Amino acid sequence: MKLKQLEGLLGTLQQFSHPKVELEQYPTGPHIASRLLYTAENTFGDISGKVVADFGCGCGTLGLASALLGAEQVIGIDIDPQSLEIASINAADMELDIDFIWCDVNKLRWRDDVVDTVVMNPPFGTRKKGSDMEFLAKALKVASQAVYSLHKTTTRDYIKRTAIRDCNARSADILCELRFDVPQIYKFHKKKEVNIAVDLWRFVPYPTQESADS
């Protein structure tokens, strides 16, 4: 599938009807989502034929993109049931089979390399300090191959240092800088739209002891 085709399909998805500011719910736009997944697949081969988990999946954009690019299985996890309802509708509309789980990502207890690749647009940590790194730490425990994640460019040095020092990352590489469009969806937003510079990261975890022994 070509990049423009993928972006076009993602542009048809339903998004949050009543976003929750405490969860930092912002729609992952088709431009940025398509480039994240297209890079993961066409540069690194981390999507097609893999088990992919979408952490904090929201309305399912990254997970659906993974399925469109040939993932063997896609699992979307989110703490918000209303978002999962929309994600399920999106999956049905696109005739894609995705497993959705209503769960706090930090309470996952997966073992035995269930997931190959984690994709996510985590909270930036502006409402709950450190929530971005909580997501990343859990993702690096769950993924056996790679984690793709978006983080504010202003936190670049902190992300790399903390990922390698504290979060089980063997490597942490910025693939590109993108512009994240934040629409005016909350009352405290003064502008119609704001563009935030974000980095697309690829993290590779250290293998678990079980993997190293097998």
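Residues numbered from 1 in each chain as written. Predicted model: local features only at pLDDT ≥ 70, side-chain atom pairs only at ≥ 80, totals over all residues. Heavy atoms only, no water.

A. Molecular detail of helix H5 (residues 131-142). For H5, spanning 12 residues, the distance from its first C-alpha to its last is 17 Å, which sits close to the expected 16 Å at 1.5 Å a residue. The buried count for H5 comes to nine of 12 residues, which makes it a mostly enclosed element. The set of residues buried in H5 consists of Ser 131, Asp 132, Met 133, Phe 135, Leu 136, Lys 138, Ala 139, Leu 140 and Val 142. (Helix = DSSP H or I, 4+ residues; strand = E, 2+ residues; numbered from the N terminus. Expected span 1.5 Å × (residues − 1). Buried < 20%, exposed > 50% of the residue type's maximum accessible area, 1.4 Å probe, protein only.)

B. Structural view of the confidence of the model for the protein chain. In this model, the protein chain carries an average pLDDT of 87, and 83% of its residues clear a pLDDT of 70 or more. Here residues 210-214 scores under 50 on pLDDT; set against residues more than four positions off or in separate chains, the count is one contact. (pLDDT = per-residue confidence, 0-100. Contact = heavy atoms within 4.5 Å.)

C. How the structure looks around unusual backbone geometry. Although it is not a glycine, Glu 95 adopts a positive phi angle of roughly 55°. With respect to the helices and strands, the residue Glu 95 is situated in the loop between helix H4 (81-93) and strand E3 (99-102). Located in the positive-phi region is Asn 168, a residue other than glycine, with phi close to 70°. Here Asn 168 shows up in the loop between helix H6 (156-166) and strand E6 (169-183).

D. How the structure looks around the packing of aromatic side chains. On inspection of all chains with the given rule, the structure shows two aromatic pairs. Judged by centre distance (6.3 Å) and plane angle (55°), the rings of Phe 44 and Tyr 148 are tilted. Taken together, the positions of Phe 44 in the loop between helix H2 (30-42) and strand E1 (51-55) and Tyr 148 in strand E5 (residues 143-152) put the pair 104 residues apart, joining distant regions of the chain. The class for Phe 44 is partly exposed, based on a relative accessible area of 32%. For the ring pair Trp 201 and Phe 203, a centre distance of 5.3 Å and an interplane angle of 10° mean the geometry is stacked. (Phe/Tyr/Trp six-rings, centres within 6.5 Å; stacked < 30°, edge-to-face > 60°.)

E. Region of interest: the nonpolar core. Counting residues in hydrophobic clusters, the biggest one holds 29 residues, and the most contacted among them are Leu 36, Leu 37, Ile 47, Val 119 and Leu 150. The biggest single contributor to this core is H2, with five residues. Aside from chain neighbours lying at most four places away, what touches Val 119 is Leu 36, Leu 37, Ile 47, Val 52, Ala 53, Asp 54, Phe 55, Leu 62, Ser 66 and Tyr 148. Counting 26 residues, the second-largest nonpolar core is a separate cluster that includes Met 120, Leu 136, Leu 140 and Ala 169. (Core = buried A, V, L, I, M, F, W, Y, C linked by side-chain atoms within 4.5 Å.)

F. Region of interest: the side chain of Glu 41. In this structure, Glu 41 sits in helix H2. The charged side chain of Glu 41 is buried without a salt bridge, its nearest counter-charge being Lys 50 at 8.0 Å. Here Ile 47 takes part through its backbone nitrogen, which lies 3.1 Å from a polar atom of the side chain of Glu 41. Not counting residues up to four positions away in its chain, the partners in contact with Glu 41 are Asp 46, Ile 47, Ser 48 and Leu 69. (Lys, Arg positive; Asp, Glu negative; His and termini not counted. Salt bridge = Lys/Arg side-chain N within 4 Å of Asp/Glu carboxyl O. Polar contact = N/O pair within 3.5 Å; in protein donor to acceptor, adjacent residues only side chain to side chain.)

G. Region of interest: the pairing of strand E4 (residues 115-120). Most of E4 is tucked away: six of the six residues are buried. Pairing of E1 with E4 involves four bridges; the strand directions are parallel. Opposite Asp 54, over in E4, you have Val 119 as the bridge partner. Bridge count between E4 and E5: five bridges; the pairing is parallel. Note that in E5 the partner of Val 115 across the bridge is Ala 143. (Pairing = 2+ DSSP bridges.)

H. Focus on the pattern of salt bridges. This structure, assessed with the given rule, holds six salt bridges. Measuring nitrogen to oxygen at the nearest pair gives 3.0 Å for the salt bridge that ties Asp 46 to Arg 202. Taken together, the residues Asp 46 in the loop between H2 and E1 and Arg 202 in strand E7 (residues 193-205) connect sequence positions 156 residues apart. This pair shows no difference in class: Asp 46 is buried, exactly as Arg 202 is. Between Asp 166 and Arg 165 there is a salt bridge; the shortest N-O distance is 3.0 Å. When salt bridges with common partners are traced through the structure, they connect Lys 4, Glu 7 and Arg 35 into a single cluster.

I. A look at the environment of Lys 138. Within the secondary structure, Lys 138 is located in helix H5. Classification of Lys 138 by relative accessible area gives buried; the value is 13%. On a C-alpha basis, the gap between Lys 138 and Lys 107 in space is 9.0 Å, while along the polypeptide they are 31 residues apart. Beyond its immediate stretch of four places on either side in the chain, Lys 138 contacts Phe 55, Val 105, Asn 106, Leu 108 and Arg 109.

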